[in-house]
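Architecture and fold: a report
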Amino acid sequence: TATLTVLKNNLENIPYENQNFDFLVVTFKKNIILHKEILRFTSLIEESFSFVILTIILSGALINCICGIIILKINLTLAEGFTFFLFFACVMNQIAIYCWFGEQIMSKSVEISTSSYMTKWYAADVKFRKLLFIFMERVKKPIILRAGNFFPLNVRTLATILHKSYSAFTVLQQFYKDK
């Protein structure tokens, strides 16, 4: 996210007025290279950690359901119940961290297109405006980190995981109440 912020600031501070075409192109190409490097780096992160993050999220959801079963089935002391609650909170925190950082990367990448448009691009040469337009079209697609190429890491996914975990917990609770 820090590199995306640097790119955003670079794009906002390009001096469009009274500059020749060659200077603007050289300055702009540095930002294009930076954007390519950001995309390359995020794809490396996704290739390296996608399966691990998917495993952590799925096992975390399973662990939370098991904690719910244990809390329902076994008469726990207050200290044991508190320990299970802390364990549940730690597992959910671990999942939330991945989702939160994925959301941050996605929102920062969306800001790049917006910040490019909000500059004084209209004061630049027509040839340069065409280059900027192509870049703006390219950065419209946000950078999205995925867990195992199954689902994106964002706040919406975290809410879905919480909802599904709670749904599984209530189903298990009904199952054990009937027995």
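Please read these numbers as outputs of a predicted model, since none were measured by experiment. (Residues numbered from 1 in each chain as written. Predicted model: local features only at pLDDT ≥ 70, side-chain atom pairs only at ≥ 80, totals over all residues. Heavy atoms only, no water.)

**Examining helix α4 (residues 126-138)**
For the record, the criterion: Numbering goes from the N terminus for both helices and strands, where a helix is a DSSP run of H or I of at least four residues and a strand is a run of E of at least two. To estimate the expected span of a helix, subtract one from its residue number and multiply by 1.5 Å. Burial classification: accessible surface area is computed with a 1.4 Å probe over protein chains only, and a residue below 20% of its type maximum counts as buried, one above 50% as exposed, and the rest as partly exposed. Our arc is simply the arc of the directions from the helix axis toward the C-beta atoms. The contact definition used throughout considers only heavy atoms, calling two residues in contact when any of these lie within 4.5 Å.
For α4, which comprises 13 residues, the first-to-last C-alpha distance of 19 Å matches the rise-based estimate of 18 Å (1.5 Å per residue) to within 8%. Of all the residues in α4, the buried ones are Phe128, Leu132, Phe135 and Met136. Projected down its long axis, α4 shows its buried positions confined to an angular sector of 100 degrees, all on one face. Residues Lys127, Lys130 and Ile134 are exposed on α4 and point more than 90 degrees away from its buried face. On its buried side, α4 packs onto α1 (2-12), α2 (21-73) and α3 (78-117).

**Description of the confidence of the model for the protein chain**
Threshold: Here pLDDT means the predictor's own confidence in every residue, given as a number from 0 to 100.
Mean pLDDT over the protein chain works out to 83, with 97% of the residues at or above the 70 mark. Between the elements of the protein chain, mean pLDDT differs from a low of 80, seen in helix α5 (residues 155-178), to a high of 88, seen in strand β2 (residues 151-152).

**Comments concerning the layout of surface pockets**
Applicable threshold: Each cavity reported here is a set of points on a 1 Å grid over the protein atoms alone in which a 1.4 Å probe fits but cannot get out, each pocket an open set with protein on both sides within 12 Å along at least five of seven lines, and each lining residue one with an atom within 4 Å of a point. Grid points are joined across faces, edges and corners, and a volume is the space filled by probe spheres set on the points. Polar here means any residue outside two lists: the nonpolar Ala, Val, Leu, Ile, Met, Phe, Trp, Tyr, Cys and Pro, and the charged Asp, Glu, Lys and Arg; Gly therefore counts as polar.
The computed volume of the largest pocket comes to approximately 290 Å³. What lines the largest pocket is a set of 15 residues, among which Leu39, Lys141, Pro142, Ile143 and Ile144 lie closest to the centre. Space inside the second largest pocket adds up to approximately 210 Å³. Every residue lining the second largest pocket is counted, 13 residues in all, and those nearest its centre are Asn64, Gly68, Ile71, Phe88 and Phe169. For the lining of the second largest pocket, the secondary structure elements donating two or more residues are α2, α3 and α5. Here the lining of the second largest pocket gets six residues from one element, more than from any other, and that element is α2. Class assignment of the residues belonging to the lining of the second largest pocket gives a composition of ten nonpolar, three polar and no charged.

**Describing the pattern of salt bridges**
Here is the rule: For salt bridges, the criterion is a side-chain nitrogen of Lys or Arg within 4 Å of an Asp or Glu carboxyl oxygen.
Applying the stated criterion across every chain yields a total of four salt bridges. Each of Lys8, Glu12 and Glu111 takes part in one network of salt bridges that share partners.

**Focus: the UniProt feature "transmembrane region" (unreviewed entry) in the protein chain**
What counts here: UniProt positions are given in the numbering used here, feature names are shortened, and annotations may be inferred rather than shown by experiment.
Under the UniProt annotation, "transmembrane region" (unreviewed entry) lies at residues 49-72 and 84-101. Taken end to end, residues 84-101 is 100% helix and 0% strand, and its first and last C-alpha atoms sit 26 Å apart.

**Here we look at the environment of Gln173**
For Gln173, the position within the fold is in helix α5. For Gln173, a relative accessible area of 24% puts it in the partly exposed group. Residues Gln173 and Ile69, spaced 104 residues apart in sequence, show a C-alpha to C-alpha distance of 7.4 Å.

**What about a nonpolar patch on the surface?**
The cut-off we apply is this: In this analysis, a patch consists of residues with relative accessible area above 30% that form no salt bridge, clustered at 9 Å for like charges and at 5 Å for the nonpolar side chains Val, Leu, Ile, Met, Phe, Trp and Tyr. Accessibility throughout is a Shrake-Rupley quantity obtained with a 1.4 Å probe, and a residue counts as covered only by protein chains that appear here.
Together, Phe82, Phe85, Leu86 and Phe88 make up a nonpolar patch on the protein surface, roughly 390 Å² of accessible area in all. Within the element layout of this structure, Phe88 appears in helix α3. The exposure class assigned to Phe88 is partly exposed, which follows from its relative accessible area of 31%.

**Side note on the packing of aromatic side chains**
For clarity, the cut-off: Note on ring pairs: Phe, Tyr and Trp rings are taken, using the six-membered ring of Trp, and paired if centres are within 6.5 Å. Classes follow the plane angle, with under 30 degrees stacked, over 60 edge-to-face and the rest tilted.
Inspection of the entire model under this criterion finds three aromatic pairs. Geometrically, the ring pair formed by Phe28 and Phe128 is edge-to-face, given 5.2 Å between the ring centres and 75 degrees between the ring planes. Of the two residues, Phe28 sits in helix α2 while Phe128 sits in helix α4, which places them 100 residues apart along the sequence. The pair formed by Phe28 and Phe128 is uniform in burial state, with each residue classed as buried. Seen from their ring centres, Trp100 and Phe101 are 4.9 Å apart, and the 75 degrees between their planes marks the pair as edge-to-face. Residue Trp100 is classed as partly exposed on the basis of its relative accessible area, which comes to 46%. Taking the relative accessible area as the measure of exposure, Phe101 reaches 46% and is therefore partly exposed. The structure contains a cluster of three or more aromatic residues connected by ring pairs, namely Phe28, Phe128 and Phe135.

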